[in-house]
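This is what each chain is made of:
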There are 2 protein chains.
Amino acid sequence: MTFPAACDRPALPQSLRDELCQLLGTRFSTAASVREHHGSDISALDPMPPDAVAYANSLDDIVDISAACYRNDVPMIAYGSGTSLEGWLQASHGGVSIDVSGMNRILEIRVDDMDATVQPGVTRKQLNAALHGTGLFFPIDPGADASLGGMAATRASGTNAVRYGTMRENVLGMTAVLADGRVINTGGRARKSSAGYDLTHLLVGSGGTLATIAELTVKLHPIPEAISAAVCRFPSVDLAVRAVIQTIQLGVPIARIELLDALTMGALNAYSKTQLREAPSLFFELHGSEAGVKEQIETVRMVADEHQGLDFEWAVHPEDRSRLWQARHDAYFAALALRPGCRALTTDAVVPISRLADCIEATAADLAENGLLAPIFGHVGDGNFHALILVDPEDQGEVQRAEAVAHRLAERAIAMHGSCTGEHGIGLTKQHYMAVEHGENAVDVMKAIKAALDPKQLMNPGKIFPRGHSKG
Amino acid sequence: MTFPAACDRPALPQSLRDELCQLLGTRFSTAASVREHHGSDISALDPMPPDAVAYANSLDDIVDISAACYRNDVPMIAYGSGTSLEGWLQASHGGVSIDVSGMNRILEIRVDDMDATVQPGVTRKQLNAALHGTGLFFPIDPGADASLGGMAATRASGTNAVRYGTMRENVLGMTAVLADGRVINTGGRARKSSAGYDLTHLLVGSGGTLATIAELTVKLHPIPEAISAAVCRFPSVDLAVRAVIQTIQLGVPIARIELLDALTMGALNAYSKTQLREAPSLFFELHGSEAGVKEQIETVRMVADEHQGLDFEWAVHPEDRSRLWQARHDAYFAALALRPGCRALTTDAVVPISRLADCIEATAADLAENGLLAPIFGHVGDGNFHALILVDPEDQGEVQRAEAVAHRLAERAIAMHGSCTGEHGIGLTKQHYMAVEHGENAVDVMKAIKAALDPKQLMNPGKIFPRGHSKG
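Along each chain, numbering runs from 1 in the same order as the chain's sequence is written. Here chains are named by letter from A upward and ligands by number from 1 upward, in the order in which they appear as written. At least 70 in pLDDT is required for a residue's local features to be given in this predicted model, at least 80 for side-chain atom pairs to be given and counted, and no such filter applies to totals for whole chains, interfaces and linings, which use all residues. Computation of side-chain values: all heavy atoms of the structure, hydrogens and water removed.

### Re the interface of chain B and chain A
Line of reasoning, step 1. In this complex, chain B contributes 74 residues to the contact, which on the side of chain A involves 74 residues.
Line of reasoning, step 2. Note on terms: buried area is the combined drop in 1.4 Å-probe accessible area of two parts once they are placed together, counting the loss on both. Summing both sides of the interface, chain B and chain A together bury roughly 6,300 Å²; the carbon and sulfur share of this comes to 56%.
Line of reasoning, step 3. In the sections that follow, a salt bridge refers to a side-chain nitrogen of Lys or Arg positioned within 4 Å of a carboxyl oxygen of Asp or Glu. In this structure, Asp382 of chain B engages Lys192 of chain A in a salt bridge whose closest nitrogen and oxygen atoms are separated by 3.1 Å.
Line of reasoning, step 4. Only DSSP runs of H or I covering at least 4 residues are called helices, and only runs of E covering at least 2 are called strands; the numbering of each starts at the N terminus. Of all the secondary structure elements, the ones that give two or more residues to the side of chain B that touches chain A are strand 9 (183–187), helix 8 (199–203), helix 9 (237–249), helix 11 (290–306), helix 15 (432–438) and helix 16 (440–453) of chain B.
Line of reasoning, step 5. Among the elements that take part in the side of chain B that touches chain A, helix 16 of chain B stands out by supplying ten residues, more than any other.
Line of reasoning, step 6. Gly is put with the polar residues, along with every residue not named as nonpolar or charged; the nonpolar set is Ala, Val, Leu, Ile, Met, Phe, Trp, Tyr, Cys and Pro, and the charged set is Asp, Glu, Lys and Arg. Looking at side-chain class alone, the side of chain B that touches chain A contains 30 nonpolar, 29 polar and 15 charged residues. By the convention used here, residues are in contact when the closest approach between their heavy atoms is within 4.5 Å.

### Quick look at the environment of Leu220 of chain A
Residues and elements named next belong to chain A.
Line of reasoning, step 1. Looking at where Leu220 falls in the secondary structure, it is placed in the loop between strand 10 (212–219) and strand 11 (221–222).
Line of reasoning, step 2. Relative accessible area decides the class of each residue, using a 1.4 Å probe on protein chains only: under 20% of the type maximum gives buried, over 50% gives exposed, and in between gives partly exposed. Here Leu220 falls in the buried class, since its relative accessible area comes to 1%.
Line of reasoning, step 3. C-alpha separation for the pair Leu220 and Ile140, spaced 80 residues apart in sequence, amounts to 10.0 Å.
Line of reasoning, step 4. Not counting chain neighbours up to four residues away, the residues in contact with Leu220 comprise Ile109, Met114, Asp115, Ala116, Leu127, Leu131, Leu136, Phe137, Phe138 and Arg191.

### Structural notes on the sheet that holds strand 6 (residues 115–118) of chain B
Residues and elements named next belong to chain B.
Line of reasoning, step 1. Only strands joined by at least two bridges in the DSSP assignment are considered to pair. With respect to topology, five strands assemble into an open sheet ordered 5-6-10-8-9, the strand pairing being antiparallel. A strand with exactly one partner marks an edge of an open sheet, and here the two such strands are strand 5 (106–110) and strand 9. The sheet shows a mean angle of 10° between the axes of neighbouring strands, taken without regard to direction.
Line of reasoning, step 2. The sheet contact formed by strand 8 (residues 171–177) and strand 9 spans five bridges and is antiparallel. From the neighbouring strand, Thr175 faces strand 9, where its bridge partner is Asn185.
Line of reasoning, step 3. Whenever a helix is involved, its axis is fitted only over the stretch in contact; in every case the axis is a line through C-alpha atoms, and angles between N-to-C directions fall within 0 to 180 degrees. Set on the sheet, helix 3 (residues 59–71) makes contact with strand 8, strand 9 and strand 10 (212–219); between it and strand 8 the angle comes to about 50°.

### A word on the confidence of the model for chain A
A low pLDDT means the predicted coordinates there should not be read in detail.
Line of reasoning, step 1. Averaged over every residue, the pLDDT of chain A is 95; residues scoring 70 or more account for 97%.
Line of reasoning, step 2. On a scale of 0 to 100, pLDDT captures the predictor's confidence in every residue. Note on residues 1–7 of chain A: pLDDT under 50 across the span, and eight contacts to partners over four residues away in sequence or across chains.

### Structural notes on the sheet that holds strand 1 (residues 28–29) of chain A
The strands that make up a sheet are held in pairs by hydrogen bonds between backbone atoms, and each pair lies either parallel or antiparallel.
Residues and elements named next belong to chain A.
Line of reasoning, step 1. Within the open sheet, the four strands sit side by side as 1-2-4-3. Their pairing is mixed. Each end of this open sheet is capped by a strand with a single partner; those strands are strand 1 and strand 3 (76–79).
Line of reasoning, step 2. For strand 3 and strand 4 (residues 96–99), the ladder comprises four bridges, and the chain directions are parallel. From the neighbouring strand, Tyr79 faces strand 4, where its bridge partner is Asp99.
Line of reasoning, step 3. Lying over the sheet, helix 3 (residues 59–71) contacts strand 2 (52–55), strand 3 and strand 4, oriented at roughly 170° with respect to strand 4.

### Side note on the domain arrangement of chain A
Residues and elements named next belong to chain A.
Line of reasoning, step 1. Boundaries of every domain are those given by an automatic assignment or by a domain database. Under the domain assignment used here, chain A contains domain 1 (14–100), domain 2 (106–222), domain 3 (224–327) and domain 4 (339–456).
Line of reasoning, step 2. Between domain 2 and domain 3, the C-alpha centre-to-centre distance is 29 Å.
Line of reasoning, step 3. Taken together, the contacts link eight residues of domain 2 with nine residues of domain 3.
Line of reasoning, step 4. Looking only at domain 2, the three residues that lose the most surface to domain 3 are Thr159, Val162 and Arg163, adding up to 66% of its buried area.
Line of reasoning, step 5. On inspection of domain 2 and its partner domain 3, the count reaches one salt bridge.
Line of reasoning, step 6. Residue Asp141 pairs with Arg256 through a salt bridge whose shortest N-O separation is 3.0 Å.
Line of reasoning, step 7. Between N or O atoms, a polar contact is any pair within 3.5 Å; within protein, one atom must be a potential hydrogen donor and the other a potential acceptor, and residues adjacent in sequence are included only when both atoms are from side chains. The interface formed by domain 2 and domain 3 holds five residue pairs in polar contact (both at pLDDT 80 or more) in total.
Line of reasoning, step 8. In terms of residue count, the dominant contributor to the side of domain 2 that touches domain 3 is helix 6 (residues 161–164) (three residues).
Line of reasoning, step 9. Its residues placed into classes, the side of domain 2 that touches domain 3 shows four nonpolar, two polar and two charged.

### Thoughts on the relation of the copies chain B and chain A
Line of reasoning, step 1. A least-squares fit on C-alpha atoms brings the copies together, and the residues used are those whose pLDDT is at least 70 in both copies. With an axial shift of 0.0 Å and an RMSD of 0.0 Å, the rotation relating chain B to chain A amounts to 180°. Such a combination of turn and shift is consistent with a two-fold rotation axis.

### A short note on the state of the cysteines
Residue and element names in this part refer to chain B.
Line of reasoning, step 1. A pair of cysteine sulfur atoms is labelled a disulfide when the two atoms are within 2.5 Å. Inspection of the entire model under this criterion finds zero disulfides over all chains.
Line of reasoning, step 2. Not engaged in a disulfide, the cysteine Cys21 finds its nearest cysteine sulfur in Cys69; these two sulfurs lie 13 Å apart.
Line of reasoning, step 3. What makes Cys21 partly exposed here is its relative accessible area of 40%.

### Some points on the UniProt feature "domain: FAD-binding PCMH-type" (unreviewed entry) in chain A
Line of reasoning, step 1. UniProt positions are given in the numbering used here, feature names are shortened, and annotations may be inferred rather than shown by experiment. With numbering aligned to this structure, UniProt lists the feature "domain: FAD-binding PCMH-type" (unreviewed entry) at residues 45–223 of chain A.
Line of reasoning, step 2. The distance separating the terminal C-alpha atoms of residues 45–223 of chain A is 38 Å; by composition the span is 22% helix and 25% strand.

### Quick look at the environment of Val74 of chain A
Residues and elements named next belong to chain A.
Line of reasoning, step 1. By the element assignment, Val74 lies in the loop between helix 3 and strand 3.
Line of reasoning, step 2. Exposure remark for Val74: the relative accessible area of 5% places this residue in the buried category.
Line of reasoning, step 3. Sequence spacing of Val74 and Asp320 is 246 residues, and the spatial spacing of their C-alpha atoms is 54 Å.
Line of reasoning, step 4. Contacts of Val74, omitting those with residues within four sequence positions, involve Leu12, Pro13, Leu16, Cys69, Gly95, Val96 and Leu458.

### A short note on the packing of helix 10 (residues 262–272) of chain B against helix 12 (residues 318–337) of chain B
Residues and elements named next belong to chain B.
Line of reasoning, step 1. Taken N-terminus to C-terminus, the directions of helix 10 and helix 12 make an angle of 85°; their axes are 8 Å apart at the nearest point. Taken together, the axes of helix 10 and helix 12 lie roughly perpendicular to each other. From helix 10, Thr264, Ala267, Leu268, Tyr271 and Ser272 reach across to helix 12, where they touch Ala327, Asp330, Ala331, Phe333, Ala334, Ala335 and Ala337.
Line of reasoning, step 2. Grouping the constituent residues of the contact of helix 10 with helix 12 by class yields nine nonpolar, two polar and one charged. Any angle from 65 to 115 degrees is called roughly perpendicular, while one under 35 is roughly parallel, one over 145 is roughly antiparallel, and all others are oblique.

Quick look at the structure:
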């Protein structure tokens, strides 16, 4: 893949440097190491450093930095915890990285309303720690301890979206700063409203390309009285997926339901010296009352039996649950350890669940035909899965074959009425699929919205679509 | 309230009449009765007839009608079942009503994926009838048997949003037609996606001001194994609301939880010759497994006891449930019957639940001070309630007092971090509150989006905001 060379752009105007230095003092930096750090995410992409980094401590800071960049026609890229994928943070058009990680105050927790208002740099674990003793928790759990601002920007989810939704369903409202420094409030604290256009949902998933999130209010959920976990192996991915479909249709309010393929289970055995059966496995987590989760377990066991499930295990005590789920938590590192020194090319397809087994099996076949090692695991209740394609970064032929498989997977998912990305986003790397997935007209509408809100194309430019002119 | 006079606009161009006649034959009408019917909803507003009505039978019809209107600079207003409120259908700027009620085919029901794709004229009851035998249902239930296109356009909800969400959470994707006839596809069938801007949520609630919905895919839900109902009276609205808060915090996955105030209960006694206690009452519906709902009932009863609940009754058998819920279903007509010949001015406030009792009590006091009769009932789990202010339409002083109370209620809800409309929408009548609720900057952003998608301001103009120029 080729991206705009960082040298094809004007240097940061001296007047802007002076203004931001004046405004921020030591919170403004052009040090190479700082810039490099802010020009990369956790994908395997090379860094593309911004021209400078501005550390914002407040809404007013974001407003002032934005207004200054706007007057100087300089791009701005919001930076939270740096844990996104797909090149969201790469400064492909230079500009100023607005680091909001210092805006990490939890402004208010309202137990009766089951919501919390936080600054964008608050991480999900930080919020959950602050909720200790309230009986409430915040469920969304991407792999990293990401910032909530970044999670909203990428429409993140994780393992329990099947029960609690993604960031799409869990952000009630925001305060955000437009390119020119204007502050907007979206949504609010009401659980529902029919008043005007849904700007909250427009900003969730927009990856900082429309506005910089300065504050957000998220829904909280009651900690269940009882939690139980179960694990079961299946003879095939298809039987495992059919068990999931039936479980959901029976109305079991499953909180987590994760699929690990045989290769991933083998990786776990190698990694943890276990002797798990190397077969597709489902990991369940059930939330409810004491009696409710027992009943759910019975239903899940019955469904598993009907689908030739093997080695059904379940646990209610925290330590037993942790032991069962340890395998799922270890999956990422166990997968990487299959091939020391490798680089992992991550995919993120999502399809309607009726097509999930087909999609996974076709992908596994494509990987095998291309001699690629790629454990597959994912959030099967949502139809979302990741293939972690392990490649030798020095072997260009292998890297290209892996990229070709990832490309075919994205197109396969779209052809099955799914999406090329379930939770990582388009970023810099998946722009080719936008028109394939949405059609040219819908992409033109998105570009028209971008042009309306960010006419100078300064907000994280070159992400979601190439920087260019609107066809609105 | 004053609205643009229907005579302040040019007549429908003869060339457009000819083109639509040619295209639609008898499906194009300028008959006064047809126009009058299409220029009104079920609010108390006077009709504002469109200049003509075009009956669309297909996506292609909508495309052709839209393109023709666009070339002639003529407004277009989508019409489904005519059951909206707040003047959404009033042709305040004339134009062509595009009636999609004939587009009422259910295109596909996918049981494994728990979704259905329908034309916009399909009504909620029609969809549920078609789901018979699948084990699935579509939960959203506004009072009327509304069309799904209209429900999406107004971001409708109803009595079970607390469990199943509103149209916001239940529309997965759409096919829609822009002002100039371009067709866009939004969302898709994946349960989640992070690919680009969320156009589905932008269109849900946009009331036909951005595009005409031509097809939509909605989520379906499993019919619960068991359903039980309960009713309980409380000494005060505050205690009833506190019982609701605690019930939700305990994680009871309540499906419906409705509040009827003492006046409404009195109206029911008069209407149905019953002797119900005239006290604030909660109506519950619980969905789950057999054992699960029994357990939920026990929890609800315990919570009710703690909040001085009286006359706790519960039922699991369908006929007993129906009997318990009959009072809730009769509330609207019982309220109207309190004052024969009256007109009902409906309100639609929503607040964070911690403020709900305050908001209802302040509103009840305001109504009493103004000598107004107004039963209050609502979807208390969402913080949404309606006061049905009963006025003599001949008594202008009373009508004005009622409008003033409704106005203060909207402002009170907004001041409590809620919204002036939970499920009816802004339409023609609540535009004044847009800036109060969202702030000028957010409204400017909405107008910029409107201008970007509908530069000629032909899509249901004068709704949500006045027709005018963008300040984007």
